[in-house]
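Okay, here's what each chain looks like letter by letter:
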Number of protein chains: 2
Amino acid sequence: MLVPVIMSGGAGTRLWPVSREGYPKPFMKLADGQSLLMKTYQRAASVMSTDYLVTVTNRDYFFESKDNLSQVNSKVQSTFLLEPFGRNTAPAIALAALDILEKQGPEAILLVMSADHLIKDGQRFEDAVAAAATLASQGYLVTFGITPTAPETGFGYIECGDVLGVGYSVARFVEKPAFEKAQQLLASGNHLWNAGIFCFQAGTFLSELEKTAPEIVTIAQACRAQLGDGAVTSMQDYSADIFAKFPDISIDYALLERSDKVAVIPCDFGWSDIGSWQAVSELTVADETLNRTVGQSVIVDSRNVYVQSHDRLVAAVGVQDLVIVDTPDALLVVHADKTQDVRKVVAQLKALGHDAFKLHRTVARPWGTYTILEESSRFKIKRIEVKPGASLSLQMHHHRSEHWIVVSGTAQVTNGDKTLLLGANESTYIPAGNRHRLENPGVLQLIMIEVQSGEYLGEDDIVRFQDNYGRC
Amino acid sequence: MLVPVIMSGGAGTRLWPVSREGYPKPFMKLADGQSLLMKTYQRAASVMSTDYLVTVTNRDYFFESKDNLSQVNSKVQSTFLLEPFGRNTAPAIALAALDILEKQGPEAILLVMSADHLIKDGQRFEDAVAAAATLASQGYLVTFGITPTAPETGFGYIECGDVLGVGYSVARFVEKPAFEKAQQLLASGNHLWNAGIFCFQAGTFLSELEKTAPEIVTIAQACRAQLGDGAVTSMQDYSADIFAKFPDISIDYALLERSDKVAVIPCDFGWSDIGSWQAVSELTVADETLNRTVGQSVIVDSRNVYVQSHDRLVAAVGVQDLVIVDTPDALLVVHADKTQDVRKVVAQLKALGHDAFKLHRTVARPWGTYTILEESSRFKIKRIEVKPGASLSLQMHHHRSEHWIVVSGTAQVTNGDKTLLLGANESTYIPAGNRHRLENPGVLQLIMIEVQSGEYLGEDDIVRFQDNYGRC
């Protein structure tokens, strides 16, 4: 029994402005329209025809993650382990291992993978997983080591020890090296990149972790106990009080570097951690002047320029070695060699209290999305899209009234005491103080324009009376 | 009698995406909120306390130009000479000279200036104009020569001849030179930049032009004759048939290089033709790393970067010598040394038939502006702003219905047979086929959101029944 465990925690600040705190890297869509998380789910589902997996993510990403899974493969079921905040990989994997141990027994094998990596060669990946599973069933903690192709300073390295069946024992873990050291490691021929993919039995993992970091196992058990027996279902929302006791520590430090049962499988399946815009740009084919574009653009007398635009026209003239990433409310222009430094922008925005580190102009909600088209001190205009069958909460605003105009699909509207059905090109008016609700009873996406008027237009002017997503 | 003549013809393609065919360089607003045309009107009005001037511009720019003038100085009157298309400066000045000759007599002095140049030192400019007017009243065709400060290749040069009172006779005009030639001209000490500012009597100008390019005078007279006596008023809209007969020729070629009555006044009043984004960027004070920003931005590890943003956040990381200009629907990233090449983008857009060479997301109309906030195949959302007292035409659409929601100010709405007054937060619905009209009866700007629905949403689905601006 092999259970994929999807670790969906990374903030991806180096991929701002597409990746933001409220909609981080795993949800970032590539040019084919699929998010990194969707691709990860697809990969997980195709490994040994899995129909069950575990996702560990922040509680804020639950609905969007679930939605990603259902878009990829509606037959695969996931248990969602929801963290109140991030505490690195060791606590996350411990919680997953406990859950799988209980449901599938100690010999169930976990395949732990990140939600925001990319793997090009699916067949080689499956072969590597099969090899890893063999070693795991023999009691090893198996890591995946990528054959290095360059002196990368952004990854940790694994030194191979003795031959161990289809892999090697691990002689040593090497932290992210400086450039010269990276060159030596590359030249040595027996060092691999640590891809952060792991494979082990639930029982072996927990008994080894008991030896090297017993407090993590204890806190994980406490987190689980607090849910109560009835709650240990497909959605486990851990209490912040107990979760806060976890140390912030990676599985490498907490266990792998201290255990003598660690093995490594050398791999070459086109792995990328999509760690920067440079890495993203390489996914697009370059023209003869090394320019790559996604979206509308005009490139004049330029070389080695990557342009990614959402819906605006981008013109580049006489420039080279640039990455230009455009989103509806924020733009990034960065030198191709400095894409690692994009996180400095996010740090500055956070320090300034600017919303753009956190929110996009389009905000995901359990029921769909809203997009702010325009706002001023006295009015705000939103496009609201509601999924078929979905429903916003029954709510009321003290300070704003709303005009609703349906432009596509059908809306069922509760407005005070009345309930009405609105088709395209029909409208209604919700005065401040009226209880109201918006539902999509149809099978098509509902698209509606909302014009808000009032003296205060903050999102926090909302009283919820009933909500299908537990937000009352 | 001195009459300023404002030549407002330049397309300003090097200042795309702010300058576009539908809203060209003279209307471009600088950081202080004033357009180049407004600044030019202000300068013209302050010269010898002028209260009358002549504007030569394209007929499409009439309302916006008039509006610019009224915002600067409501006492100054302008006659508008409206061209159906551009034919360079000689025909434009000939038409202005004819008009001024007829209304003010042959000794009236024209001060011809471009609508899209900048002059920093108003007092020195006035002094230079006074000196030029003296020479003009003696029968000279006076040019303004700027003391050069660099070997500029983008300007023509004027070689000074004999001393002539407060100026010099002109020995020779030199076309835009190559760089080495420009260095020689700068070193010579007796060459000045040709600023395209001229001063002469109406009578002298026309009799000299009769000698060097008589056909221009003949066609100008024919243009004027076709208007009819009654129409030679404050707005002269020339027929395209006759206007098309003008040769496309500058006043330099048609007259100044061929006349022996040409003088030059050496000037040093902080002149700039704002010919590129490089020139615009120099209007903003640089910080210690030579970065200059207008609008929201985060600049990290960068040097000599100019960022101008309308309403989006722009982040620059690890770049140098860049100009970044952001507008709601188009973005430009250009090397600081290549800003002259921005016109290549406009040429490509024009060849591609892309709207962005022509229109902004906000479109100026005689009654105010509209801004497209969002559009799809079935709906379009606009913010409409109507000036106090202004009125859209009485109109009808075959294929679209419209929801109107007032968010600020007061609207008087004709909707079929009814007339109603709408205040903020009130709305109405205009079904397809209904005659309707929108007016602002108040003293504040009217701001309204319009949601259009229908199978066809093109601007050409409009039947106008009555219009205050002659557009029926």
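This is a predicted model, so every value here is computed, not measured.

(A) Expanded view of the overall build of chain A. Within chain A, the regular secondary structure consists of eleven helices and 29 strands. What you see for chain A is a C-alpha radius of gyration of 24 Å, in line with the 23 Å of a compact globule of 472 residues. Referenced to the eigenvectors of the C-alpha coordinate spread, the extents of chain A come out at roughly 75 × 65 × 40 Å. By residue count, 57% of the 472 residues in chain A fall in the buried class. Pairs at least 24 apart in sequence give 69% of the contacts found in chain A among residues at least 6 apart. With the model as given, the accessible surface of chain A reaches about 19300 Å², and the carbon-plus-sulfur share is 48%. Seen as two clouds, the 42 positive and the 55 negative side-chain charges of chain A have centres 3 Å apart.

(B) Summary view of the nonpolar core. Residues and elements named next belong to chain A. Ranked by internal contacts, the top residues of the largest apolar core, which has 50 residues, are Val5, Val54, Phe205, Leu209 and Ile216. No other element matches the nine residues that helix α3 (residues 89-104) contributes to this core. In this view, Phe205 contacts Ile93, Ala94, Ala97, Leu141, Phe200, Ile251 and Leu255; residues no more than four positions away in its chain are not counted.

(C) Spatial organisation of the interface of chain A and chain B. Listed per partner, the contact involves 51 residues of chain A and 51 residues of chain B. At the boundary of chain A with chain B, total buried surface from both sides reaches about 4200 Å², with 62% on carbon and sulfur atoms. For the pair chain A and chain B, the number of links is six salt bridges. In this structure, the salt-bridge partner of Arg383(B) is Glu374(A), at a minimum N-O distance of 2.1 Å.

(D) Spotlight on the domain arrangement of chain A. Considered domain by domain, chain A is made up of domain 1 (2-271), domain 2 (277-351) and domain 3 (362-466). A C-alpha centroid distance of 35 Å is found between domain 2 of chain A and domain 3 of chain A.

(E) Focus on the sheet that holds strand β26 (residues 427-430) of chain B. Residue and element names in this part refer to chain B. One open sheet holds the six strands; their spatial order is β19-β20-β21-β28-β23-β26, and the pairing between them is antiparallel. Sheet topology places β19 (362-365) and β26 at the edges, where each strand pairs with a single neighbour. The sheet shows a mean angle of 20 degrees between the axes of neighbouring strands, taken without regard to direction. Note: strand β20 (residues 368-375) against strand β21 (residues 379-386), seven bridges, orientation antiparallel. Bridge pairing in β21 places Ile372 opposite Lys382.

(F) View of the UniProt feature "domain: Mannose-6-phosphate isomerase type II C-terminal" (unreviewed entry) in chain A. The positions UniProt marks with the feature "domain: Mannose-6-phosphate isomerase type II C-terminal" (unreviewed entry) are residues 354-467 of chain A. The span residues 354-467 of chain A carries 0% helix and 55% strand; its end-to-end C-alpha distance comes to 30 Å.

(G) Highlighting helix α3 (residues 89-104) of chain B. All names here are of chain B. Helix length check: α3, at 16 residues, gives a terminal C-alpha distance of 22 Å against a target of 22 Å (1.5 Å per residue), a fit within 8%. Listed as buried for α3 are Ala90, Pro91, Ala92, Ile93, Ala94, Leu95, Ala96, Ala97, Leu98, Asp99 and Ile100. One or two steps after α3, the chain reaches Gly105, where phi turns positive at roughly 95 degrees.

(H) Spatial organisation of the relation of the copies chain A and chain B. Of the transformation placing chain A onto chain B, the axial shift is 0.0 Å and the rotation is 180 degrees, giving an RMSD of 0.1 Å. The transformation just described matches what one would write down for a two-fold rotation axis. Taking C-alpha positions as reference, the residue of chain A nearest the rotation axis is Leu373(A), located at 3.1 Å. Both copies contact each other with a shared surface, as 100% of the interface residues of chain A are interface residues in chain B too.

(I) The sheet that holds strand β15 (residues 303-309) of chain A, seen in detail. Taken together, six strands build an open sheet; the order of strands is β13(A)-β15(A)-β17(A)-β18(A)-β16(B)-β14(B) and the sheet is mixed. Each of the sheet's edge strands pairs with one partner strand only, and the pair in question is β13 (292-294) of chain A together with β14 (297-300) of chain B. When strand polarity is set aside, the average angle formed by the axes of neighbouring strands in this sheet is 5 degrees. Across the sheet, helix α11 (residues 342-352) of chain A touches β18 (330-335) of chain A together with β14 and β16 (313-317) of chain B, and the angle it forms with β14(B) is around 135 degrees.

(J) The arrangement of the state of the cysteines in detail. Residues and elements named next belong to chain B. For the coordinates displayed, the defined rule picks out zero disulfides over all chains. Sulfur of Cys199: no disulfide; nearest cysteine sulfur belongs to Cys267 and is 11 Å away. This cysteine, Cys267, is not joined by any disulfide, and Cys160 carries the nearest cysteine sulfur, 10 Å off. For Cys267, a relative accessible area of 3% puts it in the buried group.

(K) Quick peek at the environment of Leu332(B). Tracing the chain through its elements places Leu332(B) in strand β18 (residues 330-335). Put simply, Leu332(B) and Val18(B) are 314 residues apart on the chain and 9.6 Å apart in space, counted from C-alpha to C-alpha. Other than its neighbours up to four places away in sequence, Leu332(B) contacts Ala315(A), Val317(A), Trp16(B), Pro17(B), Trp277(B), Val323(B), Ile324(B), Val325(B) and Val342(B).

(L) Geometry of the packing of helix α6 (residues 202-212) of chain B against helix α7 (residues 214-227) of chain B. Residues and elements named next belong to chain B. Put simply, α6 and α7 touch, their axes get as near as 5 Å, and they point 120 degrees apart. Between α6 and α7, the crossing angle belongs to the class labelled oblique. In contact with Leu206, Leu209, Glu210, Lys211 and Thr212 of α6, α7 contributes Pro214, Ile216 and Val217.

(M) Here's a closer look at the pattern of salt bridges. What the rule picks out here adds up to 44 salt bridges over all chains. Put simply, Lys350(B) and Glu21(B) hold a salt bridge, and the shortest N to O gap is 3.3 Å. Of this pair, Lys350(B) sits in helix α11 (residues 342-352) while Glu21(B) sits in the loop between β1 (2-8) and α1 (36-46), and the two are 329 residues apart along the sequence. With relative accessibility at 35%, the residue Glu21(B) sits in the partly exposed group. With a shortest N-O distance of 3.4 Å, Asp268(B) and Arg124(B) are connected by a salt bridge. With a gap of 144 residues between them, Asp268(B) in the loop between β11 (262-267) and β12 (271-272) and Arg124(B) in helix α4 (residues 122-137) connect regions that are remote in the sequence. A single network of salt bridges, built from pairs that share partners, joins Asp99(A), Glu102(A), Lys103(A) and Arg224(A).

What counts, and where the lines are drawn
Residues numbered from 1 in each chain as written. Chains lettered and ligands numbered in written order. Predicted model: local features only at pLDDT ≥ 70, side-chain atom pairs only at ≥ 80, totals over all residues. Heavy atoms only, no water. Helix = DSSP H or I, 4+ residues; strand = E, 2+ residues; numbered from the N terminus. Rg over C-alpha atoms; globule rule 2.2 N^0.38 Å. Buried < 20%, exposed > 50% of the residue type's maximum accessible area, 1.4 Å probe, protein only. Contact = heavy atoms within 4.5 Å. Areas by Shrake-Rupley, 256 points an atom, 1.4 Å probe, with all protein chains shown as cover. Lys, Arg positive; Asp, Glu negative; His and termini not counted. Charge placed at Lys NZ, Arg CZ, Asp CG, Glu CD. Core = buried A, V, L, I, M, F, W, Y, C linked by side-chain atoms within 4.5 Å. Buried area = accessible area lost by both parts, 1.4 Å probe. Salt bridge = Lys/Arg side-chain N within 4 Å of Asp/Glu carboxyl O. Domains from an automatic or database assignment. Pairing = 2+ DSSP bridges. Axes fitted to C-alpha atoms, helices over the stretch in contact; angles between N-to-C directions. UniProt positions renumbered as here; feature names shortened; annotations may be inferred. Expected span 1.5 Å × (residues − 1). Least-squares fit on C-alpha atoms with pLDDT ≥ 70 in both. Disulfide = S-S within 2.5 Å. Parallel < 35°, antiparallel > 145°, perpendicular 65-115°, else oblique.

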